[in-house]
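# A closer look at the structure
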Amino acid sequence: MDASFASSFVRQPAGLRDHPALVLNADYRPLSYFPLSLWPWQEAVKAAFLDRVQIVAEYDVEVHSPSMAMRLPSVVVLRDYVKPARFPAFTRFNLFLRDEFSCQYCGSRGEMTFDHVLPRSRGGRTTWENVVAACARCNLRKASLTLRQAGMKLARPAYRPDAEELQNKGRKFPPNLLHESWMDFLYWDAELEA
């Protein structure tokens with residue numbers, strides 16, 4: 001998998017480039033793995049002052065105001081539990097994550113688009129159950145034909161994933177930057193391999 005391709009879908013605000021804070025839910029799990037739940041350091045400091053988060057790890061860098069100094073938070077935990085949605089939103093990013101950034105016709109990875117299994121021109125709807133990730137070549141080959149007419153098969157049928165499944169798939173795509181203070185919180189709930 002070309003990690004740079006997958007990470008190109010995640011916008012990174014300027015504040016996340018320098019000393020971002022990993023945001024954990026009240027149960028000490030990340031709000032999301034991909035994109036990783038990060039706040040710019042300014043948001044983390046603001047949330048700490050408003051007593052919305054607890055700081056559990058810090059960078060060795062300080063910020064100063066006229067009356068105080070504070071080390072920048074590297075890991076924060078929300079004081080109030082945010083209940084995750086049972087089903088994720090139907091977005092292009094979540095669709096590609098469900099299909100692990102690979103074409104569901106030929107298995108290639110790289111630049112992706114999406115394809116309606118039953119073409120819209122034939123009454124197909126834009127839903128989880130009818131849309132798959134596809135490379136441009138396969139998408140053009142299939143055009144507005146059915147799978148049978150195009151002589152193509154899906155690697156796996158289109159389906160509506162639940163939020164937990166997308167969280168687990170997101171773990172397969174770690175971001176380029178993983179601060180050492182985050183490691184104890186990112187994979188602690190992952191199944192151990194023998």
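Look a little higher up for the structure.
Residues numbered from 1 in each chain as written. Predicted model: local features only at pLDDT ≥ 70, side-chain atom pairs only at ≥ 80, totals over all residues. Heavy atoms only, no water.

## Quick notes on the packing of aromatic side chains
Per the stated rule, a full pass over the model turns up three aromatic pairs. Ring plane angle 70° and centroid distance 5.0 Å describe the contact between Phe90 and Trp128, whose orientation is recorded as edge-to-face. Within this pair, whereas Phe90 is found in the loop between β4 (69–78) and α3 (92–98), its partner Trp128 is found in the loop between β5 (113–116) and β6 (131–134), the two being separated by 38 residues in sequence. On the basis of relative accessible area, Trp128 is assigned to the buried category, the value being 7%. On the numbers, 6.1 Å between centres and 65° between planes, the contact of Phe93 with Phe101 is edge-to-face. Its guanidinium or amino end placed over the ring of Tyr159, Arg98 lies 5.4 Å from that ring's centre, counting from NZ or CZ. Geometry around Phe87 places Arg160 over its ring, the cationic atom sitting 3.8 Å from the centre. (Phe/Tyr/Trp six-rings, centres within 6.5 Å; stacked < 30°, edge-to-face > 60°. Helix = DSSP H or I, 4+ residues; strand = E, 2+ residues; numbered from the N terminus. Buried < 20%, exposed > 50% of the residue type's maximum accessible area, 1.4 Å probe, protein only. Lys NZ or Arg CZ within 6 Å of the ring centre and 35° of its normal.)

## Describing the nonpolar core
Ranked by internal contacts, the top residues of the largest apolar core, which has 23 residues, are Leu22, Leu24, Leu36, Val53, Val75, Trp182 and Leu186. Broken down by secondary-structure element, the contributors of at least two residues to this core are β1 (21–24), α2 (41–49), β3 (53–64), β4 and α7 (183–186). Looking at this core element by element, the count peaks at six residues for β4. Each residue touching Leu24, except ones within four places of it in the same chain, is listed here: Arg29, Pro30, Val75, Val76, Val77, Leu78 and Phe185. Grouped together as the second largest cluster of nonpolar side chains are 22 residues, Leu95, Tyr105, Ala133 and Met152 included. (Core = buried A, V, L, I, M, F, W, Y, C linked by side-chain atoms within 4.5 Å. Contact = heavy atoms within 4.5 Å.)

## Here we look at the sheet that holds strand β2 (residues 38–39)
Two strands in a sheet stick together by hydrogen bonds in their backbones, pointing the same way (parallel) or opposite ways (antiparallel). Spatial ordering of the open sheet is given by β2-β1-β4-β3, a layout of four strands whose pairing is mixed. Here the strands that pair on one side only, and so sit at the sheet edges, are β2 and β3. Packing of α2 onto the sheet brings it into contact with β1, β2, β3 and β4, and relative to β4 it is tilted by some 85°. (Pairing = 2+ DSSP bridges. Axes fitted to C-alpha atoms, helices over the stretch in contact; angles between N-to-C directions.)

## Things to note about α2
Because an α-helix completes one turn every 3.6 residues, residues spaced three or four positions apart along the sequence face the same direction. Turning to α2, its buried residues are Ala44, Val45, Ala47 and Ala48. Burial along α2 is one-sided: seen end-on, the buried residues are contained in an arc of 165°. Buried residues along α2 sit in contact with β1, β2, β3 and β4. Following α2 by one or two positions, Asp51 adopts a phi angle in the positive range, close to 60°. (Arc of directions from axis to C-beta.)

## Topic: the pattern of salt bridges
Taken as a whole and judged by the stated rule, the model has seven salt bridges. The partner of Asp115 in a salt bridge is Lys142, and the shortest N-O contact between them spans 3.3 Å. Pair noted here: Asp115 is in strand β5 and Lys142 is in helix α4 (residues 136–142), with a separation of 27 residues, a long-range link. Accessibility classification places Asp115 together with Lys142 in one group, the buried group. (Salt bridge = Lys/Arg side-chain N within 4 Å of Asp/Glu carboxyl O.)

## Notes on the environment of Phe96
Inspection of the secondary structure assignment puts Phe96 in helix α3. Along the primary structure Phe96 and Ala134 are separated by 38 residues, whereas in three dimensions their C-alpha atoms are 9.1 Å apart.

## With respect to the pairing of β6
Across the two faces of β6 the burial is the same, with Val131 and Ala133 and Val132 and Ala134 all buried. Pairing geometry for β5 and β6, over four bridges, is antiparallel. From the neighbouring strand, Asp115 faces β6, where its bridge partner is Val132.

## Structural notes on the environment of Gly151
Among the secondary structure elements, Gly151 is positioned in the loop between α5 (147–150) and α6 (163–170). Residue classification places Gly151 among the exposed positions, given a relative accessible area of 56%. Placed ten residues apart in sequence, Gly151 and Arg141 show a C-alpha to C-alpha distance of 9.8 Å.

## A few points about the state of the cysteines
Following the criterion strictly, the structure yields zero disulfides and no others. No disulfide involves Cys106; its nearest neighbouring cysteine sulfur is the one of Cys138, lying 3.7 Å away. (Disulfide = S-S within 2.5 Å.)

None of this, on its own, says anything about what the molecule does.
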